[in-house]
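If you want the building blocks of each chain, they are given just below.
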Amino acid sequence: MKLKLHVWRQNGPNDKGRMEVYDAPDVSPDQSFLEMLDDVNLVLARQGKDVIAFDHDCREGICGMCSQVINGVPHGGQERTTVCQLHMREFKDGDEIFIEPWKARAFPVIKDLVVDRGGLEKIMQAGGYTSCHTGGVADGNALPIGKDIADYSMDAAECIGCGACVAACPNSSAMLYTSAKVAQLAVLPQGKVEAHRRVMAMTEAATEHGFGNCSNHYECQASCPKGIDVKFIAKLNREYMKALIP
Amino acid sequence: MILDGKCPTGPIETSWDRHRFESKLVNPSNKRKFKILCVGTGLAGGAAAASLGELGYNVHAFCYQDSARRAHSIAAQGGINAAKNYPNDGDSIYRLFYDTIKGGDFRAREADVWRLSQVSNNIIDQCVAQGVPFARDYAGYLDNRSFGGAQVSRTFFARGQTGQQLLLGAYSALSRQVKAGTVTLHERREMLDLVVVDGVARGITCRNMVTGAIESHWGDAVILATGGYVNVFYLSTNAMGCSVTAAWKAARKGAYMANPCYTQIHPTCIPQHGEHQSKLTLMSESLRNDGRCWVPKKVEDCERPPGQIAEEDRDYYLERKYPSFGNLAPRDIASRAAKEQCDDERGVGPGKRGVYLDFADSIKRLGEDTIRERYGNLFEMYEKITAENGYKQPMRIYPAPHYAMGGLWVDYNCMSNVPGLFVLGEANFSVHGANRLGASALMQGLADGYFVIPYTIAGYLATVKPGAVKDDHAEFKKSAEEVKANIDKLLSINGTKTPSEYHRELGKVMWEDVGMARSKESLEHALKRIPEIREEFWSNVKVVGSNDQFNQELENAGRLADFFEFAEILTKDALNREESCGGHFRTEHQTEDGEAMRNDEDFCYVAAWEFKGTGVEPELHKEPLKFENVKLAVRSYK
């Protein structure tokens, strides 16, 4: 098929940036979206032109590196799918596609479709862990954990940290991302010990690094490639309340 | 030269405990004076940086991704082995040790494998304490599944995302140390040289991938945990950024590259669909617990829909050839068997390079819901890529390059032949021999990072003066200038073909001549072709953009340049090893029914290659392998 691409080009954080138009003349439906962009870049490179920069790595939907807003929707709008797992059979011949980077004040553009997601790191460093030391821990089976609790924890832990939730949110909130880690650890006996400290530190870091608050749009859940549920935001709010009341 | 792995002698059961006691220690108040550089933040590097930070060392960690959480360990699906024997099915440290030595086709060091098996149990405890949500049964206890090459259930898992959960555990421990101030993270940095002063590793030179700045970093020790090199085949299951560059730069500075010809071709990958493909996708080997591999018995059936092929016309070739292990035969054997069927023109799907992996029987026995609970995410992934529903029709799979058993040579302390340079995880050669068993990579990464390096690095640091050489030394300047000159050269050629085009070309040669089956003839052909393509690359590559910006074309060109040199050593190693073992299969050395034939008399050694310059014959150093606890035997899974 033949497609027309409108791609955000921005040569560094201080450049103003603009949409530019490219043709993708020979796209196979079995190609992934990134492979389609590879082909466009191959043509640009052969012509000696600067290629479109985009983040990607594992190309199997788990590393969380790829980050593009396609036709206005982070990761392109296919349910539970990262850009790298989006395939061209979802498009049809003659389509015009608009490709932009994650848009959020907390994510400055590095080049074209590549953004700096360092703020997400700061949230994790504030408290996204149990403070256990290597060695000297109890046997893995010492504390039985109900299957329902382990499953709930795993549902939250599936977050790949891509930042689509932030890009989708009108407030650029990192609430879904933060809540996934808070909830994963809060329900486990190993994580309960520090639950209060953790939720306070992580939410504070989110505010400090330019992420907004949640006002219940649920766009985050809709765009999350791992289907992280907004129920974890409710859990975060409960944990926050519990931490406020001594 | 005969290399010495410095393994402890005496009873193997107590070897690691004795070694730990005999190793020197660094006084707690002196630890912060030592600066350790850790390159790579996957399971091995992340765990090492976190654990060393906890101990109080001054750690600097580097990764090429934008976050330490994204290393390719994250893509491991199936699980991690440990000798817990929770299921009461006969497992023990000794059995895990034995299975790993046998699985590696008797080409690994006994002492290293024993230590790995011993600390495997600590890993599970550590991860549980970090909040890794492993699968549990209804009583709340940890659940296990089976993997290839073992007859016990010793694999712990977190749905189909075990690597992700373990890496996030290590990443959380690392994040904690960043907050504590013991670890400094350097993201979007690519190591482009090892700085060696008077034969000792003293630091690295790296490129800031955002600004293009060339940076010098000094350290009292350098740890490389930079993963494997199978992107030398171009199409592989590795991430796009995985490369041999860090390891190869170390090799160029004198570190020996050991057993590079031991490459793992994983049997359960989604077949290639077209020429424009950028990578291959693996599906966990755990699928073979419930999926049955088959191809049509008759060539003329291969074009028909699988549902129309009668039961008696199907060849369940793994069950036929290996009745006691069946579909859970080890990876090298399962991959070769799939290739055999396709070479016999009984492959299925486009190009007839595929075999079926069929869940119909399991769905009948257990119900679709149970299969969905076990492998739901894999079926989803398969459908996204192929647009086929694995519950309704058998999946199609084909082997793909996946893992490197070979890597930089290290002694028992995980230190290379260059003092001060330590190598962990997939980047070293140590424990998997000629073939890695499933669920053992995660085990090795975390064992090296959490439980080996914190002890062994102290033994080295206790002998050096902290900060003896810093980045004001002339070698750092020289290294940075060389790196810059190399980048300038790549940018100035301005030829007609892009790095990715040359990478495809190299990959094609490597896959066809140095892939699943190798012969003297094919290897000699590759040794002729690789330098030809390399020379063309250096005179005709076109790298657009400049150095002072985010430039992925430049990154790719640099990695490819290293792959060219490395590919030659890999091929030479394959040519030198006149035997078949594990993932290294020489067509000249096979039994009548096509099984690998080892030659213990002449090749029971580790081949460690010393780089002598581009286009110059490398020098081979040997480390003889001794087997005192496991009897060298023909590896049989029949």
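Model, not experiment: these values are computed from the prediction. (Residues numbered from 1 in each chain as written. Chains lettered and ligands numbered in written order. Predicted model: local features only at pLDDT ≥ 70, side-chain atom pairs only at ≥ 80, totals over all residues.)

Residue and element names in this part refer to chain B. Spatial ordering of the open sheet is given by S5-S2-S1-S9-S17, a layout of 5 strands whose pairing is parallel. Looking along the sheet, the strands with just one partner apiece sit at the ends: strand S5 (183-186) and strand S17 (421-423). Here the strands of the sheet are splayed against their neighbours by 20 degrees on average, with no regard to which way each runs. Alignment of strand S9 (residues 221-224) against S17, held across 3 bridges, turns out to be parallel. The partner of Val222 across the bridge, within S17, is Leu421. (Pairing = 2+ DSSP bridges. Helix = DSSP H or I, 4+ residues; strand = E, 2+ residues; numbered from the N terminus. Axes fitted to C-alpha atoms, helices over the stretch in contact; angles between N-to-C directions.)

Let's shift gears to the domain arrangement of chain A. All names here are of chain A. Segmenting chain A into domains produces domain 1 (3-111) and domain 2 (118-244). Centre-to-centre separation of domain 1 and domain 2, based on C-alpha positions: 29 Å. Among the residues making up the side of domain 1 that touches domain 2, the classes are represented as 9 nonpolar, 6 polar and 3 charged. (Domains from an automatic or database assignment. Nonpolar A, V, L, I, M, F, W, Y, C, P; charged D, E, K, R; others polar.)

Membership of the largest hydrophobic core comes to 289 residues, with the highest contact counts inside it found for A:Val166, A:Leu176, B:Ile223, B:Leu224, B:Leu408 and B:Leu421. When neighbours within four sequence positions are excluded, A:Val166 is seen to be in contact with A:Trp102, A:Ala104, A:Ala106, A:Phe107, A:Ser172, A:Ser173, A:Ala174, A:Tyr177 and A:Phe211. (Core = buried A, V, L, I, M, F, W, Y, C linked by C-beta atoms within 7 Å. Buried ≥ 20, exposed ≤ 12 C-beta atoms within 10 Å, placed from the backbone. Contact = placed C-beta atoms within 7 Å.)

Once that is clear, we can look at the pairing of strand S1 (residues 3-9) of chain A. Pairing of S1(A) with strand S2 (residues 18-24) of chain A, which is carried by 7 bridges, proceeds in the antiparallel orientation. If you follow A:Val7 over to S2(A), its bridge partner there is A:Glu20.

Once that is clear, we can look at the domain arrangement of chain B. All names here are of chain B. Considered domain by domain, chain B is made up of domain 1 (265-401) and domain 2 (474-601). Between domain 1 and domain 2, the C-alpha centre-to-centre distance is 30 Å. Facing the 7 residues of domain 1 at the interface are 6 residues of domain 2. A per-element tally of the side of domain 1 that touches domain 2 places helix H8 (residues 331-343) first, with 5 residues. For the side of domain 1 that touches domain 2, the residue count by class is 2 nonpolar, 1 polar and 4 charged.

Let us now look at the pairing of strand S7 (residues 200-208) of chain B. Residue and element names in this part refer to chain B. Within S7, 7 of the 9 residues are buried, which leaves it mostly tucked inside the rest of the structure. Sheet topology note: the strand S6 (residues 189-197)/S7 ladder contains 8 bridges and is antiparallel. Along S7, the bridge assignment pairs Val195 with Gly203. Of the pairings in the sheet, the one linking S7 to strand S8 (residues 214-218) comprises 5 bridges and is antiparallel in character. Looking across to S8, one finds that Cys206 is bridged to Glu215. Counted along the chain from S7 to the antiparallel partner S8, the turn is 5 residues long, and its residue Gly212 has a positive phi close to 85 degrees.

To continue, consider the sheet that holds strand S11 (residues 263-269) of chain B. Ordered in space as S11-S15-S14-S12-S13 (chain B), the 5 strands form an open sheet in which the pairing is antiparallel. Across the chains shown, the open sheet's two edge strands, defined by having one partner strand only, are S11 and strand S13 (314-315) of chain B.

Let's shift gears to the interface of chain A and chain B. Interfaces are often described in size by the accessible area the parts lose on coming together. Counting residues at the interface gives 66 residues for chain A, matched by 63 residues for chain B. For the side of chain A that touches chain B, the secondary structure elements donating two or more residues are helix H1 (33-46), strand S6 (109-111), helix H2 (118-127), helix H3 (147-157), helix H5 (175-186) and helix H6 (189-192) of chain A. Top contributing element to the side of chain A that touches chain B by residue count: H1(A), with 7 residues.

For the pair H2(A) and helix H5 (residues 162-180) of chain B, the least separation of the axes is 7 Å and the interaxial angle reads 85 degrees. In this view, H2(A) runs roughly perpendicular relative to H5(B), as classed from their interaxial angle. Between H2(A), through A:Met124, A:Gln125 and A:Ala126, and H5(B), the contact on the second element is made entirely by B:Ser175, B:Val178 and B:Lys179. Tallied by class, the residues present in the contact of H2(A) with H5(B) amount to 3 nonpolar, 2 polar and 1 charged. (Parallel < 35°, antiparallel > 145°, perpendicular 65-115°, else oblique.)

A few words on H1(A). Taking 1.5 Å as the rise per residue, H1(A) with 14 residues should run 20 Å; its terminal C-alpha atoms sit 20 Å apart, in good agreement. Within the span of H1(A), buried status applies to A:Phe33, A:Leu34, A:Glu35, A:Met36, A:Leu37, A:Asp38, A:Asn41 and A:Ala45. On the buried face of H1(A), the contacting elements are S2 of chain A together with helix H15 (552-576) of chain B. Directly beyond the C-terminal end of H1(A), a positive phi value near 80 degrees is found at A:Gly48. (Expected span 1.5 Å × (residues − 1).)

Time to look at the environment of B:Leu506. All names here are of chain B. Mapped onto the fold, Leu506 is located in helix H13 (residues 499-514). When the 22 C-beta atoms within 10 Å are taken as the criterion, Leu506 is described as buried. Setting aside its immediate chain neighbours within four residues, Leu506 contacts Tyr234, Ile533, Phe563, Phe564 and Ala567.

This next bit is on the environment of B:Ala468. Residue and element names in this part refer to chain B. Mapped onto the elements, Ala468 comes out in the loop between helix H11 (441-461) and helix H12 (474-492). Here Ala468 falls in the exposed class, since 12 other C-beta atoms lie within 10 Å of it. On a C-alpha basis, the gap between Ala468 and Asp220 in space is 7.8 Å, while along the polypeptide they are 248 residues apart.

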